[in-house]
Amino acid sequence: LELFRQAYREGSAIDLDSQCLQTTFRTFPRLVAGQRLFVNMEVLTVAYGLRKGSSAAALLKEHKALAKQTVIEMTEGMKLRDFEFVKRGIRLIRNLGFQYALDDVDGIDSKLLKLITLKPDFVKLDRTLIQGVARRPLQAELISRILDLSGKKKFKIVAEGIEDQADLSAVQ
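Residues numbered from 1 in each chain as written. Predicted model: local features only at pLDDT ≥ 70, side-chain atom pairs only at ≥ 80, totals over all residues. Heavy atoms only, no water.

This part takes up the overall build of the chain. Along the chain, the regular secondary structure elements total nine helices and five strands. Taken from N to C terminus, the helices and strands of the chain fall in the order α-α-β-α-α-β-α-β-α-β-α-α-β-α. A compact globule built from 172 residues would reach a C-alpha radius of gyration of about 16 Å, and the chain, at 17 Å, matches this within 12%. Projected onto its principal axes, the C-alpha coordinates of the chain cover approximately 50 × 40 × 35 Å. Classification of the 172 residues of the chain by burial places 44% in the buried group. In the chain, once contacts between residues fewer than 6 apart in sequence are set aside, the share between residues at least 24 apart is 69%. For the chain, the exposed area adds up to about 9,800 Å²; of that, 53% sits on carbon and sulfur atoms. Taking the average location of the 28 positive side-chain charges in the chain and that of its 22 negative ones, the two points are 8 Å from each other. (Helix = DSSP H or I, 4+ residues; strand = E, 2+ residues; numbered from the N terminus. Rg over C-alpha atoms; globule rule 2.2 N^0.38 Å. Buried < 20%, exposed > 50% of the residue type's maximum accessible area, 1.4 Å probe, protein only. Contact = heavy atoms within 4.5 Å. Areas by Shrake-Rupley, 256 points an atom, 1.4 Å probe, with all protein chains shown as cover. Lys, Arg positive; Asp, Glu negative; His and termini not counted. Charge placed at Lys NZ, Arg CZ, Asp CG, Glu CD.)

Quick look at the structure:
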């Protein structure tokens, strides 16, 4: 996390994100066949780093053969003013055959509702929303609403941070 903070301060976050993507794709063939790999990508990279001719776009194109097993996770932090740029980045990800996920979702807000229009394949619920859900009716209700939305919009839910049977039962 600190490495990315420093990269943002220095204006090199997209380059660092591209290097991480390259390392991930180098490692990927060693995974067991049939597994899916979820790869984080900064919103900045999705919005501005996937333009034609960029190193991140070139990496995705170069590893298109891995697309069916790779899910690009867009990390939190999108500003609504960047939505049109994010939309273009998601279009490139989709056109190359990759799936994408919204990562660290911890509620329903205008940003989530806008991002849902881009038809994610997965929505990953943040551990802060999941942990203790069996004892927190408000959280359970919020998760229920997101599950309702997933049925209507056809995305899968990944619940991060389930650590006990009670929370597992609460989100099923």
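Continuing now.
Strand order across the open sheet formed by five strands is S1-S2-S3-S4-S5, with parallel pairing between neighbours. The sheet terminates laterally at strand S1 (37-41) and strand S5 (156-159), the two strands that pair on one side only. The average undirected angle you get between the axes of adjacent strands in this sheet is 30°. Strand direction decides the pairing type here: strand S3 (residues 99-105) and strand S4 (residues 122-125), joined by three bridges, are parallel. (Pairing = 2+ DSSP bridges. Axes fitted to C-alpha atoms, helices over the stretch in contact; angles between N-to-C directions.)

In this section: the nonpolar core. Residues Leu60, Val86 and Leu102 are the most contacted members of the largest nonpolar core, which totals 42 residues. For this core, the leading source of residues is helix H5 (residues 83-95), giving five residues. (Core = buried A, V, L, I, M, F, W, Y, C linked by side-chain atoms within 4.5 Å.)

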